[in-house]
Amino acid sequence: MEKYIKPIAIGAVIAFVIAFGMSFLFQAMHSPSTGISIYMGLFVGAFTAYILANLAGNRKVQTADAGAQDQALAMTPPAGKALIYAYRDGFVGKAAGLNVAVDGKSVAQLTSPRFTCVAVSPGQHELTGAFGGLAGPQNKGAAVAVTAEAGGVYVYKFGVSMGALQNSITATPVTDLALAKAAMGRMKMTVPDAAEV
């Protein structure tokens, strides 16, 4: 609940400023439209609070330098390991941070367009993606099983599928590695929380 205090406070301040400013403007024009001023202030303030609450789950991330990004885009797994890549490039919800995890361990948070990668041991893994903040309850998270083989490279594109009552996060496997590499080459890389899970 604490993460929503700041968005609500900012929304309230904006509501007051808009209502006061419009009321002052109408008075200067000798027009009695105080009701419109209040409604407009409330609408803009509530909308601002809603947007900021959706972004309340965002956290500070580190952008990889050019060398680390080039190394990741080489798609060469460490000996005896596999690489899992996750990226976002869609417009819907692009500013909201998507929390990516492997086997329940945080890998990175991705806004759009961004990518990350992590090394994993061979075997069965679960890759998940979910929004934080107010965007979390509005979007059903994604979970996919990844059967990793040593030397394997597995790429997943995360997106948002719009629904009538609730949106769903999608995790689509990209099997064309050249296509995936070209797409991620146009993005910034988010440094993973750990290089290996």
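Look up a bit, the structure's there.
Note that the structure is predicted; figures quoted are calculated from it, not measured.

(A) Region of interest: the packing of aromatic side chains. Per the counting criterion, the structure on display carries one aromatic pair. Measuring from ring centre to ring centre gives 6.3 Å for Phe43 and Phe47, while their planes differ by 15°; the resulting arrangement is stacked. Here Phe47 and Phe43 lie together in helix H2 (residues 34-54), a separation of four residues that amounts to about one turn. The class of Phe43 is exposed, set by a relative accessible area of 55%. A residue is classified by how much of its surface remains accessible, and Phe47, at 48% relative accessible area, is partly exposed.

(B) Fine view of the environment of Gly21. By the element assignment, Gly21 lies in helix H1 (residues 5-28). A relative accessible area of 36% places Gly21 in the partly exposed class. On a C-alpha basis, the gap between Gly21 and Ile8 in space is 20 Å, while along the polypeptide they are 13 residues apart.

(C) Structural detail: the pattern of salt bridges. Scanning the entire structure with this criterion turns up three salt bridges. Between Asp193 and Arg59 there is a salt bridge whose closest N-O contact spans 3.0 Å. Highlighted residues: Asp193 in the segment after strand S10 (188-189) and Arg59 in the loop between H2 and helix H3 (66-73), separated in sequence by 134 residues. When the shortest N-O distance is used, the salt bridge between Lys81 and Glu196 registers 2.8 Å. Residue Lys81 is found in the loop between H3 and strand S1 (82-88), and its partner Glu196 is found in the segment after S10; the two are separated by 115 residues along the sequence. Given a relative accessible area of 17%, Lys81 falls into the buried group. Relative accessible area serves as the criterion here: at 43%, Glu196 is assigned to the partly exposed category.

(D) Quick peek at the pairing of strand S9 (residues 167-174). Relative to S9, strand S6 (residues 139-140) is paired through two bridges, and the arrangement is parallel. Counted as the bridge partner of Asn139 is Asn167 from S9. Relative to S9, strand S8 (residues 153-161) is paired through seven bridges, and the arrangement is antiparallel. Directly across from Ser161, in S9, lies its bridge partner Ser168. Counted along the chain from S8 to the antiparallel partner S9, the turn is five residues long.

Cut-offs and rules
- Note that residues are indexed from 1 along each chain, following the sequence as it is written.
- Local features are withheld for residues below a pLDDT of 70 in this predicted model, meaning they are given only at 70 or higher, and side-chain atom pairs are given and counted only at 80 or more; totals for whole chains, interfaces and linings count all residues.
- Here the side-chain values reflect all heavy atoms present in the structure, with hydrogen atoms and water set aside.
- The rule is short: rings of Phe, Tyr and Trp, with Trp giving its six-membered ring, pair when the centres are within 6.5 Å, and they are stacked under 30 degrees, edge-to-face over 60, tilted in between.
- Numbered from the N terminus, helices here are DSSP runs of H or I no shorter than four residues, and strands are runs of E no shorter than two.
- Buried, partly exposed and exposed residues are distinguished by accessible area as a fraction of the type maximum, computed with a 1.4 Å probe on protein chains only: under 20%, between the cut-offs, and over 50%, respectively.
- For salt bridges, the criterion is a side-chain nitrogen of Lys or Arg within 4 Å of an Asp or Glu carboxyl oxygen.
- When DSSP finds two or more bridges between a pair of strands, those strands are recorded as paired.

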